Amino acid sequence: MTLEAEFVDMMPHGVTVYGWASANTYGEATYSTSGSTYPALIQERFEQVTNLQGEEVTVTTIVYVGSTTSLAATSRYVLDNNSTTMEPVLASLARLYDEDGLHHHVLYFGSV
């Protein structure tokens, strides 16, 4: 499935996703050296969400990602809002579906 052009036009930013590759002997994650870049809309605002550990947290950055490829919580995400590049900590993610299947993702970063 592909995203509608009108939906992608509302995504002026970008997010590059690096898939999880392995963990070293200290348990630290290592990631793929090549990433996939997707169109995104980055919003800086506060919102209450349930994080990946099941706790209620307040996040500071919400990213709508124009990808019909399933994104993983274990991936590394690099955000580009056309003025700065940042690599925040993922608090939660949501996959949104329509009648044709996976439509887009919402990533939540920066729990306080």
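Residues numbered from 1 in each chain as written. Predicted model: local features only at pLDDT ≥ 70, side-chain atom pairs only at ≥ 80, totals over all residues. Heavy atoms only, no water.

A. Focus on the nonpolar core. Counting 14 residues, the largest nonpolar core has Val15, Val63, Val65, Tyr77, Leu107 and Phe109 as its most contacted members. Counting only elements with at least two residues in this core, the list comes to strand S1 (13–18), strand S4 (36–50), strand S5 (56–65), strand S6 (76–80), strand S8 (90–98) and strand S9 (101–109). The biggest single contributor to this core is S4, with 3 residues. Contacts of valine 15, omitting those with residues within four sequence positions, involve Ser36, Thr37, Tyr38, Ala40, Val65, Tyr77, Val78 and Leu79. Among the nonpolar cores identified, the runner-up in size contains 7 residues, and Val49, Val57, Ile62 and Val106 belong to it. (Core = buried A, V, L, I, M, F, W, Y, C linked by side-chain atoms within 4.5 Å. Buried < 20%, exposed > 50% of the residue type's maximum accessible area, 1.4 Å probe, protein only. Helix = DSSP H or I, 4+ residues; strand = E, 2+ residues; numbered from the N terminus. Contact = heavy atoms within 4.5 Å.)

B. Focus on the side chain of asparagine 51. On the secondary structure map, asparagine 51 appears in the loop between S4 and S5. Of note is the side chain of asparagine 51, whose polar atom sits 2.9 Å from the backbone nitrogen of glutamine 53. With residues near it in sequence (within four places) discarded, asparagine 51 still touches Val57, Ala91 and Ser92. (Polar contact = N/O pair within 3.5 Å; in protein donor to acceptor, adjacent residues only side chain to side chain.)

Read these as spatial facts, not as claims about activity.
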